[in-house]
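Here are the chains, one letter per residue:
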Amino acid sequence: MSAPDRSVPGQASALHSVGAALAVVDADGVLVRWTEVAQRLLGYPAADVLGRPASVLLVAPGDGPAGFTDEWSGPAALRHRSGGRLDVDLRVTGLSGASGAMDWLVATAGVPASVLESAAELCPFPMAIWDSDLRTAWLNDALAEHFGLSREERLGRHLDESPLYANTEQVEGLLREVLESGEPVIDRELSQLDRMRHRAYALSAFRIEDVRGGLPGVCSVNVDVTESRRARDRMTVLGRAATSIGTNLDVLQTAQDLADLLVPLLADYATIDLAESVRLGDAPLTRLGPLEGGNVPVFHRAGIASVHDDFRESLYARGSPVFVPPHSPFVKVLCSGRTYMEAELDTEPGTWLEEDPQRLQQVLGLGMHSLLILPVHARDEILGVAVLVRSQNPTPFDENDRTLAEELVSRAALSLDNARRYTREHTMALTLQRSLLPRNPSAGFSLETIWRYLPADTQDGVGGDWFDVIRLSGARVALVVGDVVGHGLNAAAAMGRIRTAVSTLAGLELPPDRLLSALDDLVVRLGIEDFDEESPAAGILGATCLYSVYDPIDERLTIARAGHPPPVIITPDGTAAFPEIPSGAPLGVGLRSFPSVDLELPAGSVIALYTDGLVETRDGDIDDGLERLRTALSRPPGASLKDLCAAVVDLLPERGQDDDVALLLARTCRLSADRVFIVEVPAEPAAVGRVRAEAVRQLSAWGLDRVRATAEQIVGELLANAVRHGTGPVRLRLVRHMTLACEVFDASPGPPLPRHPGATDEGGRGLVIVAELSTRWGFRRTREGKIVWAELTLTDEERLPPGPGR
């Protein structure tokens, strides 16, 4: 029958958790010292065991050392206070007692002390034991190497003589805190300057009892964490770069942001110099020519930063060309795409600096001693170089600096390239857009006009807003405003196509509703033809447009709109209002229905046309914007167009609007009766000569003798065609405006068709003659029929009325 198991529950865990249990037995085998660890292991307090034979703790006499006469080690079965059995390995070591008698140290077996000491001495981390005065009581080989002394020479020296820490006062404070409180310090990071290199250590320290003279001391362990700190710092720096570089699409600002990040983080002075591919200056670098001495212009300085506020290191201002020797490392980096590092800048004769004496003088005068040049390349294209220099920082550049700088420049290069591409496209789109807008829109004597075009200059690029003032026949003027969906080159190109189409259709004298219908058909067709599955935004995605025609003789404005905001009409008394005009669908939808409205506008009224960027914001309601516009245009009678325009522009936010804004203001004028001659013509051939004679007399009264003969022949041909081929009633109207307009009305809707008669034909040459004699000619339909017209150019003097009022 087996004996019952009386082992202590959790024995294994107990042995691993309490550490070495110690007791001291005198020469008679009596327990004279008992540690807390021994008490936790066996459960006996010191009062229960001290003065008693050690053998009482053995389960049986044969379960431990036979006696305390010699050193011994081996397994032993100890009696736990609970009555259980605890199997341990014991080591018995002799101690010299105070009276010369031998005492015996009994310890639960662990690693031999010699092994522990050897492990501590061979530990690769610097370790030391400091006494209560913080003098070295023990140190291992790793720490001795840092001191540059042997272990024996170092013993007894104070902490403040330690070269391991850059701030020994901080370390002394930590160690004294551990001495006094007994609380350990774990992984406290400290800096050290080691051979001109900054290194970081994690210090751990804990108190040790009875180090010297019965007083406690401190054991310190140092772990070099320089690389982990660098990795952490690198991630922090890269995080800063992500939030500070590339936040806008301005090339100069992006380059400056990079330079500001590099100083003083990595350098005392840094420049970002961009090559010809990134256009910054007014003149291409290739046209500047070399300086006297052979230096050539290779870069433009886009960014500069220094620890000195006056940028004393820089020979060139921001934005100016940078001249360098043809064989300098700057050109080599630009050509090779590889980083150049000169940790110790060589200023001796025969180096590349000898070819650049002005730069050499700066290097020597300001103590520049370390150089790092990095290529700025993105998408397989080298955009320029980043130059880093150290002068006040005595530490030369190393591979860690190089790696971090390359990462920063690489990230910034993408932002620079994005900014470069955006700037190039934005400039092209803006140039295209401005070239397509009217240069000097003028309505003659019919309207007084003023306009503003304000690009948003946002990251999306310019928009497709446009406006136009088109002179029509009979002193009439077309006012147009529109907006193409999208931004950038595609929108600008689409705007140009639609504006050209509007101008062409206006030349055909189409009324507003029919013109927008024809324009809608065109946009639908262009959208289908231009559609590309790989680039859906390449074609015309849609547009809005408002087309109006003002007649200064009838004082009438005819308007139709295709999805565009309504105009504002300001009456002569200063009241501003939005007239009721059916909106119609945007162009490109294909509904082809754009009802027009006739408005009677007395002279002195103001027509305000605009695009939605003026009244619509991303976070605002368009109705609020419309009301703000109406209020801004409500001014006392007689307010100038310039003042009205300024009041509208003041509505825009100071930070800039979200979209482009086109604004066109036109004040109506009435063409006085003395500028218009009207005569009814009987539908008979004999009347043609009589009316022609009346027209000649009117031309003489106007003082237009220079064009009288030509006008007489044109009037005769137009009247003859109307009487012969048209339907009565027939009416002649002469209009003296920017040109002399000769208009003949008849009730027939059929268009006039020029013929090409043969050499022997007696007729059919009337319209051919009109086309040859006039500046331009055409026809337009009216509700009652049509008007065939021809114009003759007038001089500035002929355009003005006679007399002192002129």
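Cut-offs applied
Residues numbered from 1 in each chain as written. Predicted model: local features only at pLDDT ≥ 70, side-chain atom pairs only at ≥ 80, totals over all residues. Heavy atoms only, no water. Axes fitted to C-alpha atoms, helices over the stretch in contact; angles between N-to-C directions. Helix = DSSP H or I, 4+ residues; strand = E, 2+ residues; numbered from the N terminus. Parallel < 35°, antiparallel > 145°, perpendicular 65-115°, else oblique. Left-handed = near helix turned anticlockwise from the far one by under 90°. Contact = heavy atoms within 4.5 Å. Nonpolar A, V, L, I, M, F, W, Y, C, P; charged D, E, K, R; others polar. Pairing = 2+ DSSP bridges. Core = buried A, V, L, I, M, F, W, Y, C linked by side-chain atoms within 4.5 Å. Buried < 20%, exposed > 50% of the residue type's maximum accessible area, 1.4 Å probe, protein only. Expected span 1.5 Å × (residues − 1). Polar contact = N/O pair within 3.5 Å; in protein donor to acceptor, adjacent residues only side chain to side chain. Arc of directions from axis to C-beta. Phe/Tyr/Trp six-rings, centres within 6.5 Å; stacked < 30°, edge-to-face > 60°.

**Things to note about the packing of helix 18 (residues 705-725) against helix 19 (residues 766-773)**
For step 1, the next point in the chain: Two numbers describe how helix 18 lies on helix 19: the axes approach to 9 Å, and their chain directions differ by 150°. Here helix 19 runs roughly antiparallel to helix 18, going by the angle between their axes. Our pair here, helix 18 against helix 19, has a crossing hand that is left-handed. Residues T710, Q713, I714, E717, L718 and N721 of helix 18 lie in contact with helix 19, whose contacting residues are G766, L767, I769, V770 and L773.
For step 2, the next point in the chain: In the contact of helix 18 with helix 19, the residues fall into 6 nonpolar, 4 polar and 1 charged.

**As for the sheet that holds strand 27 (residues 676-681)**
For step 1, the next point in the chain: Here we have 5 strands laid out as an open sheet, ordered 27-28-29-31-30, and antiparallel in their pairing. Pairing within the sheet leaves two strands with one partner each, and these edge strands are strand 27 and strand 30 (776-781). Averaged over all pairs of adjacent strands, the angle between their axes in this sheet comes to 15°, without regard to strand direction.
For step 2, the next point in the chain: In this structure, strand 28 (residues 730-736) lies alongside strand 29 (residues 739-746), joined through 6 bridges in antiparallel fashion. Bridge assignment links R731 to a residue of strand 29, and that residue is F745.

**Concerning the nonpolar core**
For step 1, the next point in the chain: Of all hydrophobic cores here, the largest spans 34 residues; its most connected members are L262, I272, L388, L408 and L416.
For step 2, the next point in the chain: Looking at this core, the elements that each hand over two or more residues are helix 8 (226-244), helix 9 (251-262), strand 11 (269-274), strand 12 (296-306), strand 15 (370-378), strand 16 (381-390) and helix 12 (399-436).
For step 3, the next point in the chain: Contacts of I272, omitting those with residues within four sequence positions, involve A255, L258, A259, L262, H300, R301, A302, G303, V385, A386 and L416.
For step 4, the next point in the chain: A687, V691, A695 and L699 belong to the second largest nonpolar core, which has 30 residues in total.

**Some points on helix 9**
For step 1, the next point in the chain: Under the 1.5 Å per step criterion, the end-to-end length of helix 9 is 17 Å for 12 residues, consistent within 8% with the ideal 16 Å.
For step 2, the next point in the chain: Counting buried positions along helix 9 yields 9 of 12 residues, so the element is predominantly enclosed.
For step 3, the next point in the chain: Buried within helix 9 are the following residues: V251, T254, A255, Q256, D257, L258, A259, L261 and L262.
For step 4, the next point in the chain: At the N-terminal boundary of helix 9, the capping side chain belongs to D250, with an oxygen 3.2 Å from the backbone nitrogen of L252.

**Concerning helix 19**
For step 1, the next point in the chain: When we look at burial in helix 19, the residues that qualify are G766, L767 and V770. Down the axis, helix 19 shows its buried residues gathered within 90° of arc, on one side only.
For step 2, the next point in the chain: Next to the buried residues of helix 19 lie helix 18, strand 30 and strand 31 (786-793).

**Considerations on the packing of aromatic side chains**
For step 1, the next point in the chain: Counted according to the given criterion, the structure contains 3 aromatic pairs.
For step 2, the next point in the chain: Ring geometry for Y316 versus F323: centroids 6.4 Å apart, planes at 35°, classification tilted.
For step 3, the next point in the chain: Residue class for Y316 comes out buried when judged on its relative accessible area of 14%.
For step 4, the next point in the chain: Judged by centre distance (5.0 Å) and plane angle (40°), the rings of W451 and F467 are tilted. Of this pair, W451 sits in strand 17 (residues 447-454) while F467 sits in strand 18 (residues 463-471), and the two are 16 residues apart along the sequence.

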